[in-house]
Amino acid sequence: MGHEEDYIEKLIRTNRNEFVEDPSENHLKKFIRKMNTRMRHFVSIVPHLVKVAIITIVIFIASIICFKKYIFNDTSFIMLQVKIVTAVTRLIHPE
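Predicted, not measured: the structure shown is a model, and the values here were computed from it.

A. Broad picture of a positive patch on the surface. A surface patch of like charges, here positive, comprises Lys 30, Arg 33, Lys 34 and Arg 38. Looking at the element boundaries, Lys 34 is found in helix 3 (residues 25-40).

See below:
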């Protein structure tokens with residue numbers, strides 16, 4: 001143990017009776033008042049989480065719309081289907 005720890009342990013042992021007593025009623029009132037003032041300054045993250053959820057949903061919907069409209073249109077599906085059928089046909093019936 002360090003010197004400071006020995007000193008603190010000795011202080012607690014010599015003043016043990018001082019620590020056993022219950023705090024006064026005034027002390028509890030002060031403590032509760034201080035806790036209430038600190039809790040008012042506590043910032044809730046719920047509004048931020050709601051904003052993040054809304055933004056995520058909007059981006060997800062926008063990406064689906066863009067995918068459907070620009071990337072996965074009917075012609076690209078038909079082209080892909082033709083390529084797949086052609087490749088499978090060449091595998092089954094090689095020339």
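B. Quick look at helix 4 (residues 46-71). Taking 1.5 Å as the rise per residue, helix 4 with 26 residues should run 38 Å; its terminal C-alpha atoms sit 36 Å apart, in good agreement. Of all 26 residues that make up helix 4, zero are buried, and the element is exposed over most of its length.

C. The pattern of salt bridges, seen in detail. Within the structure shown, the criterion is met by one salt bridge. Here Glu 9 ties to Arg 13 by a salt bridge, and the two come within 2.4 Å at their closest N and O atoms. Of this pair, Glu 9 and Arg 13 both sit in helix 1 (residues 3-14), separated by four residues, roughly a single helical turn. Taking the relative accessible area as the measure of exposure, Arg 13 reaches 56% and is therefore exposed.

What counts and how
Residue positions within a chain follow its written sequence, with the count starting from 1. Per-residue local features of the predicted model are confined to residues with pLDDT of at least 70, and side-chain atom pairs are confined, for both listing and counting, to 80 or more; whole-chain, interface and lining totals are unaffected and use all residues. Think of the side-chain values as coming from all heavy atoms in the structure, minus any hydrogens and water. Residues enter a patch when their relative accessible area is above 30% and they make no salt bridge; the linking distance is 9 Å between like charges and 5 Å between nonpolar side chains (Val, Leu, Ile, Met, Phe, Trp, Tyr). The protein chains shown are the only cover counted for residues, whose accessible areas, like all others here, come from Shrake-Rupley with a 1.4 Å probe. Think of a salt bridge as a Lys or Arg side-chain nitrogen and an Asp or Glu carboxyl oxygen that are within 4 Å of each other. Residues scored as positive are Lys and Arg, those scored as negative are Asp and Glu, and His as well as the terminal groups of each chain are ignored. Where a charge sits is defined by one atom per residue type, namely NZ (Lys), CZ (Arg), CG (Asp) or CD (Glu). Only DSSP runs of H or I reaching four residues or more are called helices, and only runs of E reaching two or more are called strands; each is numbered from the N terminus. Each residue after the first adds 1.5 Å to the expected span of a helix. Each residue gets one of three labels from its accessible area relative to the maximum for its type: buried under 20%, exposed over 50%, partly exposed in between, using a 1.4 Å probe on protein chains only.

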